[in-house]
Amino acid sequence: MSAWLRDESPLSPGMSDDERRADIFGLLRDESRHHTARVTPAGAEWLASAGPYSRSTLSLWTAHPTAPAVLPCGSAFDVVNAPAIFGRRMLDRLWSQGPGSGPVAAYRGRTLLFAAPGTAQRLPSLLSWEEWGGSAPDGRETAPPPLLCHGTGDAVTVPPLSPGPASGPRWLVAPDTRHPWLPGPDVLLWACVRAARDQAASGTGSVPRPRTAADQPAGAVAAAAARLPQSCS
């Protein structure tokens, strides 16, 4: 499979869809075994389900596993698009004090948090209702930077299944299941409030590496979810 990774030419035109799927899924199983930021076969199926032609998407990825793809939002997922550092602060809060996160990607100085469908419509209203007034003791504002919310009618560039150019999109938390848990607007508001407080208190700078499910002890995510406040306002 490692040789197939280096050869990005299309597979034989006579190869069936099932053979193509078996080939790419075999690759993903090998590649994701020791890498929490690489897509699993089930994760690839979930991503492909976002578009109307999932079989064509999987075939494209089979031929070009290091190429990013453009997928529509609003069906399988919405995306909350934050500035890189602020998005990493949100992600760190989700893993350190909350229920964890869904898939997360980085691209062009932005952090893309995959969210439950409908989040793009609801989250802006929750953010506008939040009382952000006041500032940190040193005068820094506590309000978060503007967030872009992508939902129905929008599309986003998702990272390739296998790592591509360093300047391209990459997974911070890769999809690893056919039905991933995705945070909704209340959870993301909660993370946003706390990330804004962190940013006001410490200013911009280096952000701790976000932890993934592989870093959590057994039952930690479930226990964190039980501690999550029911109201984010």
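Just so it is clear, the model here is predicted, and its values are computed rather than measured. (Residues numbered from 1 in each chain as written. Predicted model: local features only at pLDDT ≥ 70, side-chain atom pairs only at ≥ 80, totals over all residues. Heavy atoms only, no water.)

Visitor: How should the overall build of the protein chain be read in this particular structure?
Guide: Along the backbone of the protein chain there are 8 helices and 7 strands. Out of the 233 residues belonging to the protein chain, those deemed buried represent 50%. Summed over all atoms, the accessible surface of the protein chain reaches about 11,300 Å², with 52% contributed by carbon and sulfur. (Helix = DSSP H or I, 4+ residues; strand = E, 2+ residues; numbered from the N terminus. Buried < 20%, exposed > 50% of the residue type's maximum accessible area, 1.4 Å probe, protein only. Areas by Shrake-Rupley, 256 points an atom, 1.4 Å probe, with all protein chains shown as cover.)

Visitor: Looking at this model, I keep getting lost on the side chain of His150. Mind explaining?
Guide: Secondary-structure assignment places His150 in strand β5 (residues 148–150). A distance of 3.3 Å separates a polar atom in the side chain of His150 from a polar atom in the side chain of Asn81. Setting aside residues up to four positions removed in sequence, His150 forms contacts with Cys73, Asp78, Val79, Asn81, Ala120 and Val156. (Polar contact = N/O pair within 3.5 Å; in protein donor to acceptor, adjacent residues only side chain to side chain. Contact = heavy atoms within 4.5 Å.)

Visitor: Help me out: how do you make sense of the sheet that holds β5 in this one?
Guide: Note on sheets: strands pair through backbone hydrogen bonds, and any given pair is parallel or antiparallel. Spatial strand order, β5-β2-β4-β3-β7: 5 strands in an open sheet with antiparallel pairing. Strands with a single pairing partner mark the edges of an open sheet, and in this sheet they are β5 and β7 (170–173). With strand direction ignored, the average angle separating the axes of adjacent strands in the sheet is 25°. Alignment of strand β3 (residues 104–107) against strand β4 (residues 110–115), held across 4 bridges, turns out to be antiparallel. Note that in β4 the partner of Ala106 across the bridge is Thr111. Where helix α5 (residues 84–96) meets the sheet, it contacts β2 (78–83), β3, β4 and β7, and its direction lies at approximately 120° from that of β2. (Pairing = 2+ DSSP bridges. Axes fitted to C-alpha atoms, helices over the stretch in contact; angles between N-to-C directions.)

Visitor: Help me understand the nonpolar core, please; the structure alone is not making it clear to me.
Guide: One broad trend across soluble globular proteins is that nonpolar side chains are buried collectively. Counting 27 residues, the largest nonpolar core has Phe86, Met90, Leu94, Leu127, Leu147, Leu188 and Cys192 as the members making the most contacts within it. Elements represented by at least two residues in this core include exactly β2, α5, β3, β4, α6 (119–129), β7 and α7 (185–202). Leave out the neighbours within four places in its chain, and Leu147 touches Val80, Asn81, Ala82, Pro83, Phe86, Leu127 and Cys192. Ala48, Ala50, Leu58 and Ala69 belong to the second largest nonpolar core, which has 24 residues in total. (Core = buried A, V, L, I, M, F, W, Y, C linked by side-chain atoms within 4.5 Å.)

Visitor: What's the story with the pattern of salt bridges in this structure? I'm lost.
Guide: Between side chains of opposite charge, pairing is possible as soon as their charged atoms come close. By the definition in use, this model includes 2 salt bridges. The closest approach of N and O atoms between Arg178 and Glu45, which form a salt bridge, is 3.8 Å. Placement of the pair is Arg178 in the loop between β7 and α7 and Glu45 in helix α3 (residues 41–48), with a sequence separation of 133 residues. Taking relative accessible area as the criterion, Arg178 reaches 32% and is therefore assigned partly exposed. Among the salt bridges present, the one from Arg93 reaches Asp198, with a minimum N-O distance of 2.7 Å. Placement of the pair is Arg93 in helix α5 and Asp198 in helix α7, with a sequence separation of 105 residues. Overall, the relative accessible area of 17% leaves Arg93 in the buried class. (Salt bridge = Lys/Arg side-chain N within 4 Å of Asp/Glu carboxyl O.)

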